[in-house]
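# Tertiary structure, described
What follows is each chain in one-letter form.
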Amino acid sequence: MAFLGSAVRRVVLAVRPPLSPLCRTSARSYSSEPTKEKNVPYEKTLKQEVQASSGPTKPLPRSADAVVIGGGSLGCQTIYHLAKMGMTNVVLLERDRLTAGTTWHTAGLLWQLRPSDVEVELLAHTRNVISKDLEEETGLHTGWIQNGGLFIASNKQRLDEYKRLMSLGKVYGIESHVLSPAETKDLYPLMNVDDLYGTLYVPKDGTMDPAGTCTTLSRAASARGATVIENCPVTGIQVRTDDLGVKRVKAVETSHGTIETPCVVNCAGVWATKLGEMAGVKVPLIAMHHAYVVTERIEGIQNMPNVRDHDASVYLRLQGDALSVGGYEQNPIFWDEVSDKFAFSLFDLDWDVFMQHIEGAINRVPNLEQTGIKSTVCGPESFTADHKPLMGEAPEVRGFFLGCGFNSAGMMLGGGCGRELAHWIIHGRPEKDMYGYDIRRFHNSLTDNKHWIRERSHESYAKNYSVVFPFDEPLASRNMRKDPFHQVLTEQGCVFQERHGWERPGWFNKEGPAPVKDYDYYGAYDMKKNVNYKYNELLGKEYTFDFPPHHDVIKSECLSCRHGVAVFDMSYFGKFYLTGPDAKKAADWLFTADVNKKPGSTVYTCMLNKRGGAEADLTVSRLEPGAANLPLAPESNGDAYYLAIGGGVAEHNWNHIRTVLQDQGFRCQLTDHSEDMGMISIQGPKSREVLQEVLDTDLSNEAFPFSSHKVVNAAGHQVRAMRLSFVGELGWELHIPKDSCLPVYHAVMAAGAKHGIINSGYRAIDSLSIEKGYRHWHADLRPDDTPLESGLAFTCKLKSSIPFQGRDRLEKQKEEGLRRRIVCFTIDEKVPMFGLEAIFRNGVPVGHLRRSDYGFFIDKTIGYGYIRNPDGGVVSADFIKSGEFTLERMGVTYKAKAHLKSPFDPENKRVKGIYA
């Protein structure tokens, strides 16, 4: 019999030849002595049900409202939820048997707490479906076992992270307890607690059975009229082009017939990229070997909770009277030659790679050293660039939906994501804020970039168990998109952030340049590790839940803007033109605000979905008709608009606008000039004095009022100047053709020298904007928030009779009163908050912070969160004023003051240039 301890020793003695990360696709197995057995630890799999017949298990229908491809967790959950929502003419096609690809060998763990409110909600739905709903509907047990979950902390930062999760869990009614090492030992007697800082125990976590879950989902869906067909590989996707030139799904081809359908759902897991290629859709995921081993019987392990020891990068899943041991390593094996014939199959385990998990497991449960290994389970899993799934309608083809790339969490997230995907298909958008999973979160230039997918997916895999710190940045595949200021800002100490492939300024290090280097795979695959890596060192100093060491640097950038003048490079912004015969109609329908003021006006506005939720906030500038002066002005004989959009969400905005134009049949052109122009924003009380030396136009309030724009000359170069502010100060943005960017920047810096002008970054913008009460989309403004709830009613033309998308929902909400609304909170204690802190009113949880930062001008921590009335009633101003509020941060409660208006410049004088 093999023992885990001897496996470790055997691998330590093995000499490992160097392997390139680009070619490491085959695995050596050191398990040949006693552990040739490759088998999953489940009593039943659907592998046993494979029939000799090669044909489909049911006849194919001629047509369907939707065809789901892939019979794993996501496919089964999606067809179940489609049928449950009333779309019953739906078909699931599985090339082999249900679960045959990656689902059958999954570990099936479910942890309820994650550092994301949306994920907590998704996980809660999965748990309800498998532990309650399916059993009630079918009378069948899915195999759910509620044995609890235990998160191990070996240091203070890890325990702080768990305390953050505990506080968030209180908002959602999820029971959890922070335990001391001694209490942990009482709960789990076999555990070594000598090196523990503490643990987080969640009693209602548990484990799922893949075969039991998927067969029950299939039966429940079939009972509602859905059709599940196995042994039916898809051979092609037919795509048609409609009268407007839009590509749409037409049919699904198999060797046994064709199904006409307007909707395909790609739930093909590791094989999703190949399925996407059939329709001309890019699916940015990569396949890797992912493994665990199953032990022999362990005396005393029965009924123990599942364990996640993040710092050892290992999990221990209860398997009856044994354990499954797995984790995430620094050197995973890529599976480049994905085979269509790989069903109910496993790879040989590479002990060389897996060894680190055994060491961590033995340290945590010492009995494992003398425990036999019953079998190894090494199968393919799909991984993505940010370790989040790929969901939603593909930008390339209407009606082609993604539900793939689940990073080995497809069972755990399947129920919540299956429901959201079904809602997306039926209603055009999901119910929750799914932007973090939406394929449109990635810029189109990245989704077929193999280098980016490979590097970024590796880093996300290797860091899966790392503490999630608020200001972490990736090291992989950086410098993909650089604006014209990149080099000059690097030389001035800019510490860049990565958004949408762009390098954007984060903050400015006073100790010199800290450039981002090529990715070193953290030294894995015998790659040479980067040394003297200043950027990485600076990131490491931010690995804290306290104020970072450069807190004072960010303070200086903020206060220079508040008292003097600062320049912000915002070139990564999306810059679109909307033109064409129906441009005015489109603008009226798309934008909540009335953007059809006179040319030269700029308006801050939202765009909504059909449910009144905010899909975007942006500025829209009305342009004079005339000849093209690109990139500063498009050719237009009529109405034309310039849209400036936060760069991190530009792809999402582009696709939202395009989809609305298509659905409404508007004859418009949307053109993207994001790469053709840079943009700097000069902000602060002294900005007018600086820019008056650079621009050839009168910058007085009368000549150049707030929310206006004009094309002017700056140091001999044409630019579009806009009087706007993202930070709540007097200021202008300069939108500059890329070849003119550096001369204009140098002219601004020269003119500002005597006024003490400095460069500032987005860390300062985050602080300044929250202090002013400006929203950040996807933080305190999301697709499930309406403008009325988020304090942006002023952006809505409700007093006019002009219809716009979502208007009917806003009018209904206004009439009925708000059941939730955003509130600003400040605390007196000097502690940082980052979002997800629980909000209590009179001791009762009513919400959580969505966004928080330190406001240096008012010298307080500020947070914004949406609160509800626990009675389900209206959240009125009186409800807010009459309550006593506290915020819970990592289990510690702080008295908070609620504000109905921003505590900074509530009368909005500073943007108008009025300084006391």
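The structure presented is a predicted model; accordingly, all values stated were derived computationally and were not measured.

### What about empty space enclosed by the protein?
- All told, the structure shown has five cavities of 30 Å³ or more when counted by the stated rule.
- Approximately 200 Å³ is the volume found for the largest cavity.
- Listing elements by their share of the lining of the largest cavity, those giving two or more residues are helix 13 (551-563), helix 18 (762-772) and strand 35 (844-855).
- Of the residues belonging to the lining of the largest cavity, the class tally is nine nonpolar, four polar and four charged.
- By volume, the second largest cavity is sized at about 110 Å³.
- Ala291, Glu329, Leu349, Val353 and Cys378 are, among the 15 residues lining the second largest cavity, the residues nearest its centre.
- Tallied by class, residues from the lining of the second largest cavity come to eight nonpolar, four polar and three charged.

### Considering the pairing of strand 10 (residues 247-254)
- In terms of strand pairing, strand 9 (residues 234-241) meets strand 10 through seven bridges, oriented antiparallel. The partner of glycine 236 across the bridge, within strand 10, is glutamate 253.
- Counting the residues that bridge the hairpin from strand 9 to strand 10 gives five residues, and of these glycine 245 lies at a positive phi of roughly 85°.
- Two elements, strand 10 and strand 11 (residues 257-260), share four bridges in a ladder whose sense is antiparallel. What sits directly across from threonine 254, in strand 11, is glycine 257.
- Adjacent in sequence and paired antiparallel, strand 10 and strand 11 are bridged by two residues.

### Regarding the sheet that holds strand 38 (residues 892-899)
- Overall, antiparallel pairing links the six strands, which are arranged 33-36-35-34-37-38 in a closed barrel. Recorded for the sheet is a direction-independent mean angle of 40° between the axes of neighbouring strands.
- Bridge count between strand 34 (residues 838-841) and strand 37 (residues 885-889): four bridges; the pairing is antiparallel. Within strand 37, the residue paired with phenylalanine 840 across the bridge is threonine 886.
- The strands touched by helix 18 are strand 35 and strand 36 (860-868); relative to strand 35, the strand with the most contacts, the crossing angle is about 125°.

### Quick look at the UniProt feature "domain: Aminomethyltransferase C-terminal" (unreviewed entry) in the protein chain
- As annotated by UniProt and renumbered to match this structure, "domain: Aminomethyltransferase C-terminal" (unreviewed entry) occupies residues 820-904.
- Taken as a whole, residues 820-904 contains 6% helix and 54% strand, while its terminal C-alpha atoms sit 23 Å from one another.

### Details of the pattern of salt bridges
- Counted according to the given criterion, the structure contains 55 salt bridges.
- Glutamate 615 is paired through a salt bridge with arginine 429; the nearest N and O atoms lie 2.8 Å apart. Linking glutamate 615 in strand 25 (residues 614-622) with arginine 429 in the loop between helix 9 (410-427) and helix 10 (450-462), this pair joins segments that are 186 residues apart in sequence.
- Using a relative accessible area of 1% as the deciding quantity, one classes glutamate 615 as buried.
- The class of arginine 429 is buried, set by a relative accessible area of 15%.
- One network of salt bridges, in which partners are shared, links Lys84, Lys132, Asp133, Glu137 and Arg224.

Rules and cut-offs
- Residues numbered from 1 in each chain as written.
- Predicted model: local features only at pLDDT ≥ 70, side-chain atom pairs only at ≥ 80, totals over all residues.
- Heavy atoms only, no water.
- 1 Å grid on protein atoms, 1.4 Å probe; cavity = no way out; pocket = protein on both sides within 12 Å on 5 of 7 lines; lining within 4 Å.
- Points joined across faces, edges and corners; volume = space filled by probe spheres on them.
- Helix = DSSP H or I, 4+ residues; strand = E, 2+ residues; numbered from the N terminus.
- Nonpolar A, V, L, I, M, F, W, Y, C, P; charged D, E, K, R; others polar.
- Pairing = 2+ DSSP bridges.
- Axes fitted to C-alpha atoms, helices over the stretch in contact; angles between N-to-C directions.
- Contact = heavy atoms within 4.5 Å.
- UniProt positions renumbered as here; feature names shortened; annotations may be inferred.
- Salt bridge = Lys/Arg side-chain N within 4 Å of Asp/Glu carboxyl O.
- Buried < 20%, exposed > 50% of the residue type's maximum accessible area, 1.4 Å probe, protein only.

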